[in-house]
Amino acid sequence: MFVVVGEGRMSARGKISSKTGDRKGRGRKRRSFFTERAHRPKRETMTDSKPKYRAGRLLALQLSRRGMTGCLLCDGAVERLLSVRFAAGKGLAEALREASDMGRLPEPVGDRTEISLDTDRVCLVPAELFDPSDAGSYLDVHGVSFDDADEVLVSSEVAGAIALMACEGEVCAFLRRRYGEVGFTHPLLDVLRVGPGDEVIEAVLSRDTVHLAAYASGLLYAATLPCRTEADLLYLLESVRRMFPDRMFRVALSGELPDGLVRSLGRRFRRVGAVRPALPGSVGHKEDSYRYASVIRMCYENR
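Residues numbered from 1 in each chain as written. Predicted model: local features only at pLDDT ≥ 70, side-chain atom pairs only at ≥ 80, totals over all residues. Heavy atoms only, no water.

Novice: How should the overall build of the protein be read in this particular structure?
Specialist: Of the regular secondary structure elements, the protein holds eight helices and 15 strands. Out of the 303 residues in the protein, the part that is buried amounts to 47%. Intrachain contacts of the protein at a sequence separation of at least 6 include 62% that bridge at least 24 residues. Summed over all atoms, the accessible surface of the protein reaches about 15900 Å², with 48% contributed by carbon and sulfur. (Helix = DSSP H or I, 4+ residues; strand = E, 2+ residues; numbered from the N terminus. Buried < 20%, exposed > 50% of the residue type's maximum accessible area, 1.4 Å probe, protein only. Contact = heavy atoms within 4.5 Å. Areas by Shrake-Rupley, 256 points an atom, 1.4 Å probe, with all protein chains shown as cover.)

Have a look at this one:
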């Protein structure tokens, strides 16, 4: 679950005396500093509480058409974070080959490699109902397009759910040649891996999409949707909130967050903040750790 910490504390020195002000102000109803603070949106720091990391060495990568982020786990601790940007206007397979030729891709390290595909061609299926022979049918029912050149990828089970993803066969072949035996997953499984105990809407932002998951002692909703502007994101968050009117959701943001987004959403949501996983001081990235939340969570021990 998350530990939520407020941004600041109120000090007694900030109290406004009833005697303060000119004579024209007397007789008017005054609002104290404390009352003002109580009516302001609460922006929060959201940190996964005491996660248990997996044993051994793991290279966790998140791959999108824009680039790759990564986390190297060593002996149950985050050792290094990495980020690679791809050239614009190229297919994913071509961008991977070019980055490899330039020596910009991370080398295979450790016991295993897991890759989270930042894609909208995905659906989640309850593990107890999943039949591997019907993987393509699940995607088809959910309106996910794929053809003979694509491969249907199946994630491992996370808290009772499995992610099915369609990916270009050429991309899958490249990743296996470079990293050997690869496990695939998806950002929608992140919230299940963390398992927050309270009511939360998680939003993992990418360039043109958002991975949304609503959780309250279990998964209520999960979808990857087009999201190109702040107005799009606000509409989608409000839509999820309207689906479950009795829930008091907080909003946890991660991924590619524009400057000022948390402050802006705070005008509409009482509790909103960026997820900042706790990291050793030697790793750095204290200011933008929310960008790496997905790959860091891939290193958590599965619930």
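Novice: When you look at the packing of aromatic side chains in this model, what are you seeing that I'm missing?
Specialist: To describe a pair of aromatic rings, one takes the distance between the centres and the angle between the planes. All told, the structure shown has two aromatic pairs when counted by the stated rule. For the pair Phe130 and Tyr138, a centre-to-centre distance of 5.9 Å together with 35° between the ring planes defines the contact as tilted. A relative accessible area of 17% places Phe130 in the buried class. On the numbers, 6.1 Å between centres and 80° between planes, the contact of Phe244 with Phe249 is edge-to-face. (Phe/Tyr/Trp six-rings, centres within 6.5 Å; stacked < 30°, edge-to-face > 60°.)

Novice: Teacher, can you tell me more about the sheet that holds strand β7 (residues 122–126) here?
Specialist: Within a sheet, neighbouring strands are paired by backbone hydrogen bonds and run either parallel or antiparallel to one another. Within the open sheet, the three strands sit side by side as β7-β9-β8. Their pairing is antiparallel. The open sheet terminates on both sides in strands that have one partner only, identified here as β7 and β8 (150–154). Here the strands of the sheet are splayed against their neighbours by 25° on average, with no regard to which way each runs. Bridge count between β7 and strand β9 (residues 161–168): five bridges; the pairing is antiparallel. Following the sheet pairing, Cys123 is matched in β9 by Leu164. Strand contacts of helix α4 (residues 169–179): β8 and β9, with the helix running at about 105° to β9, the strand carrying the most contacts. (Pairing = 2+ DSSP bridges. Axes fitted to C-alpha atoms, helices over the stretch in contact; angles between N-to-C directions.)

Novice: For this particular structure, what's the right way to read the environment of Gly91?
Specialist: Positionally, Gly91 belongs in the loop between β5 (77–85) and α2 (92–101). A relative accessible area of 35% means that Gly91 is categorised as partly exposed. Taking the C-alpha atoms as reference points, Gly91 and Val171, separated by 80 residues in sequence, lie 9.6 Å from one another.

Novice: What is the right way to look at the sheet that holds strand β10 (residues 182–185) in this model?
Specialist: The sheet built from five strands is open, its strands ordered β5-β4-β3-β6-β10 with mixed pairing. A single partner strand is all that each edge strand has here, and the edge strands are β5 and β10. With strand direction ignored, the average angle separating the axes of adjacent strands in the sheet is 20°. Relative to strand β6 (residues 112–117), strand β3 (residues 57–63) runs parallel, the two sharing six bridges. Bridge pairing links Ala60 to Glu114 in β6.

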